[in-house]
Amino acid sequence: MRAVLVAAAALLAWWLVRMLARRVGGAVDASVPKLAGALFTDAFFVGLLAARLCYVLRWWPEYAASPWSVIAIGDGGFLWWTGLPAALAFAWWRTRRQTRLRKPLLAGLVAGLLAWFALGGMLSLLQRAAPPLPDVAAATLDGAPVRLADRAGKPVVINLWATWCPPCRREMPVFADAAQRYPGLDIVLLNQGEDAATVRNFLERQGLALHEQVLLDPPSQAMLATGTRGLPTTLFFDADGRLVHTHMGELTRASLADTLRKRFGTHVDEYTRECLAIDVGASLRAQDVILTLSRLMRIYGKPAFVRSDNGAEFTAAKVMRWLRDAAIGPAFIAPGSPWQNGFVESFNGKLRDELLNREWFRSRAEAKVLIERWRQFYNEQRPHSAHGYKPPATVRRNWSEPDTIHPGLTA
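What comes next concerns the included structure. If you're wondering where the values come from, they're calculated on a predicted model, not measured in any experiment.

**A short note on the overall build of the protein**
A tally of regular secondary structure across the protein gives 15 helices and eleven strands. Counting across all 411 residues of the protein, residues that qualify as buried make up 46%. Look at the contacts in the protein between residues 6 or more apart in sequence, and 68% of them connect residues 24 or more apart. As presented, the protein carries roughly 21,200 Å² of accessible surface, and 60% of it is formed by carbon and sulfur atoms.

Okay, structure coming up:
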């Protein structure tokens, strides 16, 4: 869908460039609009190439595991904020001897970007209004009945697929890898229109250990319930069962990791329930975790333990070495057991319901400002039932911290 939006925005921009070029010099030279259109096309593809290369570099560890996926541009892996400067620079360089074409070209590029933003915003609004996690009756490979709606309560990724679909077959190893890397995520590979024997034979031939993730939907009810028009299609639902993202086409390791990665890393003091920090970014790496924890330790002191889930950014060898050197014990929850980190799960639910689901962030800078403002409100003003409806910051100020590290204090 997003590829269609990009194509629509590009066509609009191309038309605008030709129209403006016709006004600039088309009356004198009929080749001017064609030349302007060709220059825009070149700049557009240069921008796409730069956006793709930067995305690949950013997610190189994921692409290195499957190098051929670098050319699978259908995964939607582009960084527009690197592609746009490249396109503008190329257009400026190509028109160094034809400066009269610069205004039409730049106007077209800006108009295309604005159109893409507008169409993307409309898509986001449509997704927010989309129906919740569908209540579809499915079955395991052993024939046990299952209802998809019963899986609400934690993030769910539903991949609609079939064994006869080549892109579906290619992305199965991606989901097998994700099932191991993201144990707290519920991955459902919902086969459409095939029986258990066909699916089981396929998994055995491919050597895929996905029997627990695969469910059967012989009548293809899920495609009807979600309005899906093709396979493969991957639907991302949050813990409340709301559709937050849709990807039609083949997923790569990088694009799946990019979508699944927590965009908002939260750090909560389990004693005061105070939110110490919220990191905002397109992805969180091990180095980001170390920098944030180092900053918090300088402000609040060193904790005895750091509790977290088993995300790659927390279990990385670099983070483990840093914790060991700082004499801090890691306290990982059991895979697939978010209730063991209930304080953070509860906080994330409040953050999602009171802010994230109500705002449309137009830029990362705006997201940082609004999220930091909400964090301060949560700490300083919002009452917390666990503390007699006192804000967490009030509890911290009233609590006299001992000289030694309290064994129950975590961050």
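After presenting the structure, the write-up continues.
**Looking at helix α7 (residues 196-206)**
All of the buried residues in α7 are Val199, Phe202 and Leu203. Taken down its axis, α7 places every buried residue within 95° of arc, on the same side. Turned more than 90 degrees away from the buried face of α7 sit Glu204 and Arg205, all of them exposed. Phi turns positive one or two residues past the end of α7, at Gly207, with a value near 65°.

**Digging into the side chain of Arg102**
In this fold, Arg102 is placed in helix α5 (residues 102-128). Asp42 is the oppositely charged side chain nearest to the buried, salt-bridge-free Arg102, at an N-O distance of 15 Å. Within the structure, Arg102 has its side chain in polar contact with the side chain of Thr95 (distance 3.0 Å). For Arg102, the contacting residues outside a window of four places in its chain are Trp92, Thr95 and Arg96.

**Let's talk about the packing of helix α2 (residues 31-58) against helix α4 (residues 80-94)**
It is at 7 Å that the axes of α2 and α4 come closest, and there the two elements cross at 145°. Between α2 and α4 the crossing geometry is right-handed. Contacts between α2 and α4 involve Leu39, Asp42, Ala43, Val46, Gly47, Ala50, Ala51, Cys54 and Arg58 from the first element and Trp80, Trp81, Thr82, Gly83, Ala86, Ala87, Phe90, Ala91 and Arg94 from the second. Its residues assigned to classes, the contact of α2 with α4 shows twelve nonpolar, three polar and three charged.

**Topic: a nonpolar patch on the surface**
On the surface, Trp80, Trp81, Val110, Leu114 and Phe117 cluster together into a nonpolar patch covering about 500 Å² of accessible area. Among the elements of the structure, α4 and α5 are those that each provide at least two residues to the nonpolar patch. The dominant element in the nonpolar patch, judged by the number of residues it contributes, is α5, at three residues. Looking at where Leu114 falls in the secondary structure, it is placed in helix α5.

**Re the pattern of salt bridges**
The tally for this structure, following the rule as stated, stands at twelve salt bridges. The salt bridge partner of Asp75 is Arg52, with a shortest N-O separation of 2.8 Å. Of this pair, Asp75 sits in the loop between α3 (60-64) and α4 while Arg52 sits in helix α2, and the two are 23 residues apart along the sequence. For the pair Asp75 and Arg52, one class covers both residues: buried. For Arg285, the salt bridge goes to Asp288, with nearest N and O atoms at 3.6 Å. The exposure class assigned to Arg285 is exposed, which follows from its relative accessible area of 55%.

**Some words on the nonpolar core**
One finds Ile158 and Leu190 to be the most contacted residues of the largest nonpolar core, which totals 42 residues. Sorting the residues of this core by element identifies β3 (156-161), α6 (166-181), β4 (186-192), α7, β5 (214-217), α8 (221-226), β6 (233-237) and α9 (253-260) as the ones contributing at least two each. At six residues, the largest contribution of residues to this core is made by α6. Apart from residues no more than four positions distant in its own chain, Ile158 is found in contact with Leu133, Leu148, Val188, Leu190, Thr233, Thr234, Leu235 and Phe237.

Thresholds, definitions, all that
- Residues numbered from 1 in each chain as written.
- Predicted model: local features only at pLDDT ≥ 70, side-chain atom pairs only at ≥ 80, totals over all residues.
- Heavy atoms only, no water.
- Helix = DSSP H or I, 4+ residues; strand = E, 2+ residues; numbered from the N terminus.
- Buried < 20%, exposed > 50% of the residue type's maximum accessible area, 1.4 Å probe, protein only.
- Contact = heavy atoms within 4.5 Å.
- Areas by Shrake-Rupley, 256 points an atom, 1.4 Å probe, with all protein chains shown as cover.
- Arc of directions from axis to C-beta.
- Lys, Arg positive; Asp, Glu negative; His and termini not counted.
- Salt bridge = Lys/Arg side-chain N within 4 Å of Asp/Glu carboxyl O.
- Polar contact = N/O pair within 3.5 Å; in protein donor to acceptor, adjacent residues only side chain to side chain.
- Axes fitted to C-alpha atoms, helices over the stretch in contact; angles between N-to-C directions.
- Left-handed = near helix turned anticlockwise from the far one by under 90°.
- Nonpolar A, V, L, I, M, F, W, Y, C, P; charged D, E, K, R; others polar.
- Patch = residues over 30% accessible without salt bridge, like charges linked within 9 Å, V, L, I, M, F, W, Y side chains within 5 Å.
- Core = buried A, V, L, I, M, F, W, Y, C linked by side-chain atoms within 4.5 Å.

On their own, these measurements won't tell you what the molecule is for.
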